[in-house]
Amino acid sequence: MKILMVGDIVGSPGRQVFGRVVTRMKKEKLTDFVVANAENAAGGKGVTGPIAEELLSVGADILTLGDHTWDQKELTPYIEKAERLIRPANFPPGCPGSGLKILDVGLGSVAVINLVGRTFMQANDCPFRTVDAVLKKCAGVKTILVDFHAEATSEKIAMGRYLDGRVTCMVGTHTHVQTSDETLLPGGTAYITDLGMTGPKESVIGRDAKTILARFITGMPAKFIVASGNPVLEGIVIDVDNGTGKAFGIERIRCSE
Ligand SMILES: [Fe+2]
Ligand SMILES: [Fe+2]
């Protein structure tokens, strides 16, 4: 099984490039299962039900989220019933949605887990203890994919080491900058510190560069505007043995339309 893991989709430029690249990859059998981070899909701020449905209709199998999960108020009723959209599992107990989804994809069951970091981010429950509890619910599932949405590279590398040999892959998201450290860890887990961004590269992490520059230089608040130039999809493709759930290959990708 070939699994595509896609970095944060930013705004309509990100959604468009995602749709075009994933449609082509599925048609050409370059991927069987697609997990994409959608936390910036709605104008850079969170996701809505209709936008989640749009991404699922063009080829996403599971969507994950992060610190922007609740940016769109209208998401709450959708996420309560969502079949293929998850939010970080270590959000406080009682908040809507789920941090784990197990799907039967014909080639076996696949579990997707979403977590959020705590270093330089909002306070949430411990992602390490949380993932232990979530993995207990994955008994019998061989292919387990983890999106750890975190700021600090060290926290993501630590989680990769913590999960090595226990999950098929652990990918980092959130920084919107793709790292070049994709690898199979000693225990066999496919790992990358950050998948990157699916959105306009002519930007400051997806936002209009002029506006962001003015904000840095003057310190004045400014509206975040999604940029438009040179949209690309960034992520990884991993080769997974369906029988064991072990990854045996990982390739970093960056595709324009
Ligand atoms: Fe984020
Ligand atoms: Fe993001």
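### Focus on the overall build of the chain
Then, number 1: Tallying secondary structure elements over the chain gives 6 helices and 13 strands in all.
Then, number 2: Its C-alpha atoms give the chain a radius of gyration of 17 Å, within 12% of the compact-globule value 18 Å for 257 residues.
Then, number 3: Overall size of the chain, expressed as C-alpha extent along the three principal axes, is 55 × 40 × 35 Å.
Then, number 4: In the chain, which comprises 257 residues, the proportion classed as buried is 48%.
Then, number 5: Put simply, of all contacts in the chain between residues at least 6 apart along the chain, 66% involve residues at least 24 apart.

### Details of the nonpolar core
Then, number 1: Counting 67 residues, the largest nonpolar core has Met 5, Val 6, Ala 36, Leu 55, Val 146 and Cys 169 as the members making the most contacts within it.
Then, number 2: Counting residues per element, this core draws most heavily on strand β6 (residues 109-116), at 6 residues.
Then, number 3: Not counting chain neighbours up to four residues away, the residues in contact with Ala 36 comprise Val 6, Ile 9, Phe 18, Leu 55, Ala 60 and Leu 63.

### Examining unusual backbone geometry
Then, number 1: Non-glycine residue Lys 29 carries a positive phi angle of around 55 degrees.
Then, number 2: Position of Lys 29 relative to the elements: it lies in the loop between α1 (11-27) and β3 (33-37).
Then, number 3: Positive phi values are uncommon outside glycine, yet Ile 205 reaches one of about 40 degrees.
Then, number 4: Position of Ile 205 among the secondary structure elements: in the loop between β11 (197-202) and α6 (209-218).

### Focus: the pairing of β6
Then, number 1: Of all 8 residues that make up β6, 7 are buried, and the element is covered over most of its length.
Then, number 2: Here strand β5 (residues 100-104) folds back onto β6 in antiparallel fashion, the turn holding 4 residues, of which Gly 106 has a positive phi close to 85 degrees.
Then, number 3: Bridge count between β6 and strand β7 (residues 143-149): 7 bridges; the pairing is parallel. Looking at β7, one finds that Ala 111 is bridged to Ile 144.

### Some words on the sheet that holds strand β10 (residues 190-192)
Then, number 1: Read across the open sheet, the 6 strands follow the order β5-β6-β7-β8-β10-β9; overall the sheet is mixed. The open sheet has two edge strands, β5 and β9 (183-184), and neither has a second partner.
Then, number 2: Across 5 bridges, β5 lies against β6 in antiparallel orientation. Residue Ile 102 lies in a different strand from β6, and its bridge partner there is Ala 111.
Then, number 3: Lying on the sheet, helix α4 (residues 127-136) is in contact with β5, β6 and β7; it crosses β6 at an angle near 160 degrees.
Then, number 4: Contacts from helix α5 (residues 153-163) reach β7, β8 (169-173) and β10, with the element oriented near 170 degrees to β8.

### Some remarks on the environment of Ala 89
Then, number 1: Tracing the backbone through its elements, the reader meets Ala 89 in the loop between α3 (75-81) and β5.
Then, number 2: Taking the C-beta count within 10 Å as the criterion, Ala 89 has 22 such neighbours and is therefore assigned buried.
Then, number 3: Along the primary structure Ala 89 and Val 134 are separated by 45 residues, whereas in three dimensions their C-alpha atoms are 7.8 Å apart.
Then, number 4: The contact partners of Ala 89, leaving out residues within four places of it in the chain, are Gly 99, Leu 100, Ile 113, Asn 114, Leu 115, Thr 130 and Val 134.

Analysis parameters
- Residues numbered from 1 in each chain as written.
- Chains lettered and ligands numbered in written order.
- Predicted model: local features only at pLDDT ≥ 70, side-chain atom pairs only at ≥ 80, totals over all residues.
- Helix = DSSP H or I, 4+ residues; strand = E, 2+ residues; numbered from the N terminus.
- Rg over C-alpha atoms; globule rule 2.2 N^0.38 Å.
- Buried ≥ 20, exposed ≤ 12 C-beta atoms within 10 Å, placed from the backbone.
- Contact = placed C-beta atoms within 7 Å.
- Core = buried A, V, L, I, M, F, W, Y, C linked by C-beta atoms within 7 Å.
- Pairing = 2+ DSSP bridges.
- Axes fitted to C-alpha atoms, helices over the stretch in contact; angles between N-to-C directions.

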